[in-house]
Amino acid sequence: RMDHLPFVIASDRGGEGFQLHGGTIDCSTGTYNPHLAYTCVGQFMRCALLGCNVMLVDHKPGDGGFCIVPGSHKSNFQMPPGLIDGEGPLAKDIIVQPETSAGDVVLFSEGTVHGAMAWHGGTTISSSSSNTENDRLRQQRRTCLYRFSPSTNVYGRSYIEGWPEKMYDDLDDAQRSVLEPPYANRLDRPNISDDGHSVEITTRSDRKKQHDADVFKTK
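In this numbering scheme, every chain counts its residues from 1 along its sequence in written order. Per-residue local features are limited, in this predicted model, to residues with pLDDT of at least 70; the limit for side-chain atom pairs, both in listing and counting, is 80 or more; totals at the level of whole chains, interfaces and linings are taken over all residues. For side-chain calculations, the full set of non-hydrogen atoms in the structure is used, while hydrogens and water are omitted.

Student: Help me understand the packing of aromatic side chains, please; the structure alone is not making it clear to me.
Tutor: Between rings of Phe, Tyr and Trp, where Trp is taken as its six-membered ring, a pair exists when centres lie within 6.5 Å; planes separated by under 30 degrees are stacked, by over 60 edge-to-face, and by other angles tilted. With the rule as written, the count across this model stands at 2 aromatic pairs. Centre to centre, the rings of F66 and F108 are 5.0 Å apart; their planes meet at 45°, and the pair counts as tilted. Here F66 is found in strand β6 (residues 65-68), whereas its partner F108 is found in strand β7 (residues 105-109), with 42 residues between them in sequence. No difference in accessibility class separates F66 from F108, as the two residues are buried. Only DSSP runs of H or I covering at least 4 residues are called helices, and only runs of E covering at least 2 are called strands; the numbering of each starts at the N terminus. A 1.4 Å probe rolled over the protein chains alone gives each residue an accessible area, and that area as a share of the maximum for its type sets the label: buried under 20%, exposed over 50%, partly exposed in between.

Shown next, in the form of structure tokens:
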């Protein structure tokens, strides 16, 4: 299910980055973070919060922008001092800025330590060019960030007031199912089937439903 209201991150050329954050083991405090945790137990991988970063401009090597510490979702230790600010001898070797093109999508567990580097990318403008608003926009870093969580997990609170009505325009049943609020799969929840298009309703037995209706007066 979609957990957060999507938003666009925009940064002008020369804009600073922001600290590394996240991690199954919080990178700044060293405490276990169940709200973001990645686990692999009994041959099943589970992710409490999945980031979906839609790149709206090219991110070439050295441009900056989104960065990540590969493998940190499995870490059991707090990060060394200074590393969350990109400082220290380890920073250059372990903090990676993925090379992406406009339209690429980066999927990452929020249990993986990530952040943003200062932005140096965008279209190069000649010194003779007028400093117009269009020039500034051509140099911007722009990404759209979505976050998803399991059906019973909650991090954000957008669902409390309900999603904006226009978000439902032209959505099919599978897409609408992603906007369901958090509740257990067994409670008549629409789930996207393996084909990615059809929807299956997962439910309880008729006996259990009748019990709840008789005892609790609920469906």
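Student: I'm lost on the pairing of strand β10 (residues 189-192) in this one. Help?
Tutor: For a regular strand, side-chain orientation follows a simple rule: the groups alternate between the two sheet faces. Pairing between strands requires that DSSP locate at least two bridges from one strand to the other. Pairing of β10 with strand β11 (residues 199-202) involves 4 bridges; the strand directions are antiparallel. When the sheet's bridge partners are listed, R189 is paired in β11 with T202. Where β10 hands over to β11, the hairpin turn is made up of 6 residues, of which G196 adopts a positive phi near 80°.

Student: Even after reading the chapter, I still don't get the sheet that holds β6, so can you show me in this structure?
Tutor: Hydrogen bonds between backbone atoms are what pair the strands of a sheet, whose relative direction is either parallel or antiparallel. Strand order across the open sheet formed by 3 strands is β2-β8-β6, with antiparallel pairing between neighbours. The open sheet has two free edges, formed respectively by β2 (18-21) and β6, since each of these has just one partner strand. The mean angle between the axes of side-by-side strands here comes to 30°, regardless of whether they run parallel or antiparallel. Where β2 lies against strand β8 (residues 114-117), 2 bridges are found, and the strand directions are antiparallel. Its bridge partner being in β8, H21 is matched across the sheet by H114. Whenever a helix is involved, its axis is fitted only over the stretch in contact; in every case the axis is a line through C-alpha atoms, and angles between N-to-C directions fall within 0 to 180 degrees.

Student: Before we go on, may I ask you to explain the sheet that holds strand β5 (residues 50-55) in this structure?
Tutor: The 4 strands lie next to each other as β1-β9-β5-β7, forming an open sheet whose pairing is antiparallel. The sheet is open, and its two edges are formed by β1 (7-11) and β7, each paired on a single side. The sheet shows a mean angle of 25° between the axes of neighbouring strands, direction not considered. Inspection of the sheet shows β1 paired to strand β9 (residues 141-148) by 5 bridges, in the antiparallel sense. Residue pairing for β9: I9 is matched across the bridge by T143.

Student: Please explain the nonpolar core as it appears in this structure.
Tutor: Within soluble globular proteins, side chains that are nonpolar tend to cluster in buried spots. Residues L20, C27, C67, V69, M79, L83, I84, A91, I95 and V113 constitute the largest nonpolar core, which totals 10 residues. Leaving out residues up to four positions away in the same chain, C27 has contacts with L20, H21, G22, Q78, M79, I84 and V113. Nonpolar cores were defined as sets of buried Ala, Val, Leu, Ile, Met, Phe, Trp, Tyr and Cys residues, with membership established by side-chain atoms within 4.5 Å. Judged by nonpolar contacts, the second largest core, of 6 residues, contains M55, F66, F108 and L145. Any two residues having at least one pair of non-hydrogen atoms within 4.5 Å are treated as being in contact.

Student: What am I meant to see in the pattern of salt bridges here?
Tutor: As a working rule, side chains carrying opposite charge can pair if their charged atoms are close by. One side-chain nitrogen of Lys or Arg within 4 Å of one carboxyl oxygen of Asp or Glu is enough to make a salt bridge. For the structure on display, the rule yields 5 salt bridges. The salt bridge involving D188 is made with K209; its shortest N-O contact spans 3.4 Å. One end of the pair, D188, is in the loop between α4 (173-177) and β10; the other, K209, is in helix α5 (residues 206-215), with 21 residues separating them in the sequence. Classification of D188 by relative accessible area gives partly exposed; the value is 31%. Here the salt bridges share partners, and the residues they tie into one network are R204, K208 and D212.

Student: Before we go on, may I ask you to explain the side chain of H59 in this structure?
Tutor: Within the fold, H59 resides in the loop between β5 and β6. When its relative accessible area of 1% is taken as the criterion, H59 is described as buried.

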